[in-house]
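Close look at the chain arrangement
So the chains spell out like this:
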Amino acid sequence: MRILGVETSCDETACAIVEDGIKILSNVVASSADMHTKTGGIIPENAARQQIKSIIPVISESLKITFVGSSIISHQSSDKLNTKPKTKNSKLATSYQLSATNIDAIAVTVGPGLIGSLLVGVETAKTLSYLWEKPIIPVNHLVAHIYANWLTPTAVDCKPKAVDFPVIALVVSGGHTDLVLMKNHGKIKYLGGTRDDAGGEAFDKCARLLGLPYPGGPSISKEAEKFLNRSPKSEVRSLNLFPRPMIDSKSLDFSFSGLKTSVLREVEKRKGKNQFNSSTVQQFSAEIQEAIIDCLIKKSQLAVKKYHPKSFLLAGGVASNKTLREKLPTMLELEKLKVYFHVPPPVLCTDNATYIASCAYFNYNPVHWNKVAANPQLTIADNSI
Ligand code: KG4
Ligand code: ZN
């Protein structure tokens, strides 16, 4: 079964075609992150405007890749996207005709996310469903992130990865941080989540305090790397300048807002003493990264010890963080926890439509197109049983 996925929840406009939930036939992402870097964060109205500009070219590109043929993965800035309409006889017209017969269903992110951005994807997907007379599956973006772990990144090797249930999944994105237990597809139990800022949000807000560009996760990680590369092991081991809120509590909830306040205080203190320079930014980046990762790891450990899953799945944009990807499996090994660790390749961790299509395949529940509606407030707990 071939599902065309559409994802427009935030600042990425994405379309992908995935076969049987695992084989990626195309993966096209146009990001407006460059634009948001200039404003120091996302202005929802600007993000929505970019979605409108990018949605048709992105879907067209995805169809062209699948049915006419070219490189499977395409990531580009929405500014550089070719939005000129094509002529009637172009390859594009052919790919649209082909797709009507060769696509079995359409999947679309309905939430959570920014309402203006979500509406663009939802209304476009509904239109395609109506025109092509194909079933449409509404998808929860947070549940879908987890499905990046079922995907194989190349079209050649389509052997599914052995993800055995029960699963504990940690989803860390820009707006959410959630721990869930999955007994099977569609059988999700919410275990805990952030009480205030999300993990990615903590990276983004702390980066801004350090004067680093949006998105903050990759910026902080890059600066932290410089510190880690130049510092002796003892200095790296004692990264404890900032607090780890709730780390000693038995709850599986997280809290990151205190970290941001503490970073603000420390930055102001250093600036007051004229001691804030590029080397401080590198050191603080390493400290912030370590504090966030410590909290994510500790709660993951608690969840695994309590529920004894067969697999642990890391997901969400923050899962592309190199240190987190290394430290989580190390912890599971050191604690002798018998659980298989899975993490998608970084390119599938950040927002794209492959996992939207995959999630729809494994949780196949089509509805009539006029029942599909954007829901910005959706949470992972809404899919909990
Ligand atoms: O899942 P995602 O792409 O979008 C949302 O659904 O929110 O996650 C975006 C978040 C941003 O907060 C970004 O700073 C963070 O993921 N992120 C990272 C890294 N790459 C992206 N955080 C830490 N390290 C990274 N390498
Ligand atoms: Zn996301």
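Report on the accompanying structure. All chains use their own residue numbering, which begins from 1 and follows the written sequence. Ligands are numbered from 1 and chains lettered from A, in the order in which they are written. At least 70 in pLDDT is required for a residue's local features to be given in this predicted model, at least 80 for side-chain atom pairs to be given and counted, and no such filter applies to totals for whole chains, interfaces and linings, which use all residues. The side-chain numbers reported here are obtained from all heavy atoms of the structure, hydrogens and water having been left aside.

The buried count for strand β10 (residues 311-315) comes to five of five residues, which makes it a mostly enclosed element. By the convention used here, strands pair only if DSSP detects at least 2 bridges between them. Only DSSP runs of H or I reaching four residues or more are called helices, and only runs of E reaching two or more are called strands; each is numbered from the N terminus. In the sheet, strand β7 (residues 167-172) pairs with β10 via five bridges, with the strands oriented parallel. Pairing of Ile168 across the sheet is with Phe312, part of β10. As paired elements, β10 and strand β11 (residues 340-342) share three bridges and run parallel to each other. The residue of β11 that forms the bridge with Leu313 is His342. For crossovers, right-handed means that the path from the first strand over the helix to the second runs clockwise, given strands pointing away from the viewer. Tracing the backbone out of β10, into helix α11 (residues 322-334) and back to the parallel element β11 gives a crossover that is right-handed. Relative accessibility under 20% of the residue-type maximum defines a buried residue, over 50% an exposed one, and the middle range a partly exposed one, all with a 1.4 Å probe and only protein chains included.

With five of six residues buried, strand β1 (residues 2-7) lies mostly within the body of the structure. Of the pairings in the sheet, the one linking β1 to strand β2 (residues 12-19) comprises six bridges and is antiparallel in character. Its bridge partner being in β2, Glu7 is matched across the sheet by Ala14. Examined bridge by bridge, β1 and strand β5 (residues 105-111) share four bridges and lie parallel to one another. Paired with Leu4 across the two strands is Ile106, which belongs to β5.

This part is about the side chain of Lys134. Structurally, Lys134 can be placed in the loop between α4 (115-132) and β6 (136-140). Asp and Glu count as negative and Lys and Arg as positive, but His and the ends of the chain are not part of the count. What counts as a salt bridge is simple: a side-chain nitrogen of Lys or Arg found within 4 Å of a carboxyl oxygen of Asp or Glu. Notably, Lys134 is buried but unbridged: the nearest opposite-charge side chain belongs to Asp104, and the N-O separation is 5.8 Å. Side-chain atoms alone can form a polar contact between residues adjacent in sequence; in general such a contact is a pair of N or O atoms within 3.5 Å, and within protein one must be able to donate a hydrogen while the other accepts it. Within polar-contact distance, the side chain of Lys134 engages the backbone oxygen of Ile103 at 3.1 Å. Any two residues whose heavy atoms approach within 4.5 Å at even a single point are treated as in contact. Contacts of Lys134, omitting those with residues within four sequence positions, involve Ala100, Thr101, Ile103, Asp104, Ala105, Ile106 and Ser129.

Turning our attention to the packing of aromatic side chains. Within 6.5 Å between ring centres, the rings of Phe, Tyr and Trp (the latter by its six-membered ring) count as paired, and their orientation is classed by plane angle as stacked under 30 degrees, edge-to-face over 60, tilted in between. This structure, assessed with the given rule, holds 10 aromatic pairs. On the basis of an interplanar angle of 15 degrees and a centroid distance of 6.1 Å, the ring pair of Phe254 and Phe256 is categorised as stacked. With a centroid separation of 5.0 Å and 90 degrees between ring planes, the pair formed by Tyr361 and Phe362 is classed as edge-to-face. In textbook terms, an aromatic cluster arises when at least three aromatic residues are bridged by ring pairs, as seen for Tyr147, Trp150, Phe165, Tyr361 and Phe362. Charge over a ring is defined by NZ of Lys or CZ of Arg lying within 6 Å of the ring centre and within 35 degrees of the ring normal. The positively charged end of Lys271 is found above the aromatic ring belonging to Phe276, 5.1 Å away from the centroid.

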